[in-house]
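# Working through the structure, step by step
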Amino acid sequence: MADLHSFRAVLFLAALLLLVGASAGDVEGKNRKVDVALYYESLCPFSAMFVVDNLAKVFKDGLLSAINLSLVPYGNARVKDGKISCQHGSEECFLNTVEACAIDAWPDLRVHFRFIYCVEGLVVDGKRREWESCFGKLNLDPKPVTDCYKSERGHQLSLKYGRQTDALQPPHKYVPWVVVDGQPLYEDYENFEAYICKAYKGHPPKVCEGLARPTPIVMEVAEAGNRVSYYNSGDIRFKPDEEDHANIKKVLPADDD
Ligand SMILES: *[C@@H]1O[C@H](CO)[C@@H](O)[C@H](O)[C@H]1NC(C)=O
């Protein structure tokens, strides 16, 4: 019986080593999550459409398990003497802060993304003033977010996102600005899933099978498209054209399921 005992001990040790190895692997090795960051501003229609139409897909198609997603609601805003001004005016600064407060109040991505998805869905629909309906729709307590944006906390969070945005290397030129493992995707941002699949070293989620591998971005496509809001475009109010608006597909259902 001594043999069986030592056999068991060996098995146990082997299993333990495997476990330790696997968790170390999650951080360092092949199962390391791909860092994905979205730099955006709340009233930029291209940012809103990206959140609603593209980014939300990762919650359905299995890619979420492969990424560490962060949202940075600041975009093309600027700080002068501690005061923030936004590309689409003070309403945008306000909603950026509301979204920063949502991330702070609900650190769980699944929760704050739902909220931001809901608000940006209203922006796409031209109903941004109804943003508060998102609390009720998602059954979320408005208090932590309300307390935050009405206090210095909200302002500080926005300044923090401003510092994070201004520290980007290379600097962002427009929004939405999607960065995958430190590499901006420039105007190819809508293909972000292909870049995630390429960067992910673990067993690829099924959705990756259907995605063409992107060619490495060597140079940005300068001035190529009009699906972005430029940093230096002043205070012009952007509106998605009719066609964009008609093509928008909401990916997630309105209520939390
Ligand atoms: C996820 O990204 C955030 C922000 O970039 C970073 O602070 C955090 O350490 C990352 N988490 C993991 C598990 O990689």
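Residues numbered from 1 in each chain as written. Predicted model: local features only at pLDDT ≥ 70, side-chain atom pairs only at ≥ 80, totals over all residues.

## Here's the deal with the site of the ligand
The test is simple: Only the C-beta atom matters for nearness: placed from the backbone, it must lie within 6 Å of the molecule or strand for the residue to count as near. As a working rule, the residues Ala, Val, Leu, Ile, Met, Phe, Trp, Tyr, Cys and Pro are called nonpolar, Asp, Glu, Lys and Arg charged, and the rest polar, with Gly in that last group.
Residues in contact with the ligand, as listed here, are K33, D35, N68 and S70. Partitioning the shell around the ligand into residue classes produces no nonpolar, 2 polar and 2 charged.

## Topic: the pairing of strand 1 (residues 34-40)
Stated precisely, the cut-off is as follows: Around each residue's C-beta, the other C-beta atoms within 10 Å are counted; 20 or more make the residue buried, 12 or fewer make it exposed, and counts in between make it partly exposed. All C-beta atoms are placed from the backbone. Per the convention used, a helix needs a DSSP run of H or I reaching at least four residues, while a strand needs a run of E reaching at least two, with both numbered from the N terminus. Pairing between two strands requires that DSSP report at least two bridges joining them. With the strands pointing away from the viewer, any crossover whose connection runs clockwise from the first strand over the helix to the second is right-handed.
Within strand 1, 5 of the 7 residues are buried, which leaves it mostly tucked inside the rest of the structure. As judged from the 7 bridges shared by strand 1 and strand 2 (residues 67-73), these two strands associate in the parallel manner. When the bridges of strand 2 are listed, V36 appears paired with L69. In this fold, the crossover linking strand 1 to strand 2 by way of helix 2 (residues 45-54) has right-handed handedness. With 4 bridges connecting them, strand 1 and strand 6 (residues 177-180) associate as antiparallel partners. Counted as the bridge partner of Y39 is W177 from strand 6.

## As for the environment of Y195
Our working definition: By definition, residues are in contact whenever their C-beta atoms, placed on the basis of the backbone, come within 7 Å of each other.
Here Y195 shows up in helix 8 (residues 192-199). For the pair Y195 and C208, spaced 13 residues apart in sequence, the C-alpha separation works out to 9.7 Å. Not counting residues up to four positions away in its chain, the partners in contact with Y195 are V180, L185 and P214.

## So, the packing of helix 3 (residues 90-105) against helix 7 (residues 152-166)
Formally: Convention adopted: a line fitted to C-alpha atoms gives each axis, helices being fitted over their contacting stretch, and angles between N-to-C directions are expressed from 0 to 180 degrees. Put simply, angles under 35 degrees are roughly parallel, angles over 145 are roughly antiparallel, angles from 65 to 115 are roughly perpendicular, and the rest are oblique.
One way to put it is that helix 3 packs onto helix 7 with a least axis distance of 9 Å and a crossing angle of 95°. When the interaxial angle is binned, helix 3 and helix 7 end up roughly perpendicular. For the pair formed by helix 3 and helix 7, the contact residues are N96, T97, A100, C101 and D104 on the first element and G154, H155, L157, S158 and Y161 on the second. For the contact of helix 3 with helix 7, the residue count by class is 4 nonpolar, 5 polar and 1 charged.

## Here we look at the nonpolar core
In a soluble, globular protein the nonpolar side chains are often hidden away together inside. Quick note on the threshold: Here a nonpolar core is just a set of buried residues of the types Ala, Val, Leu, Ile, Met, Phe, Trp, Tyr and Cys, joined wherever their C-beta atoms sit within 7 Å.
By size, the foremost hydrophobic cluster in this structure holds 65 residues, and its most contacted members are C101, V119 and I196. For this core, the element with the highest residue contribution is helix 4 (residues 109-124), accounting for 9 residues. In this view, V119 contacts L95, E99, W131 and C134; residues no more than four positions away in its chain are not counted.

## Side note on the confidence of the model for the protein chain
As a general rule, the predicted coordinates of low-pLDDT regions are not to be interpreted in detail. So the rule is basically this: The pLDDT value expresses, per residue, how confident the predictor is, ranging between 0 and 100.
Per-residue confidence for the protein chain gives a mean pLDDT of 85; residues scoring 70 or more make up 77%. Within the model, pLDDT remains below 50 along residues 234-244, and this stretch shows 11 contacts once partners closer than five positions in the same chain are excluded.

## A closer look at the packing of helix 3 against helix 4
Rule in force here: With the far helix as reference, a near helix turned anticlockwise by less than a right angle produces a left-handed crossing, and one turned clockwise produces a right-handed crossing.
Where helix 3 contacts helix 4, the two axes come as close as 9 Å, and the packing angle between them is 160°. Compared by their axis directions, helix 3 and helix 4 come out roughly antiparallel. Handedness of the helix 3/helix 4 crossing: right-handed. Two secondary-structure elements touch here, helix 3 through L95, E99, A102 and I103 and helix 4 through H112, F115, I116 and V119. Across the contact of helix 3 with helix 4, the residue classes break down as 6 nonpolar, 1 polar and 1 charged.

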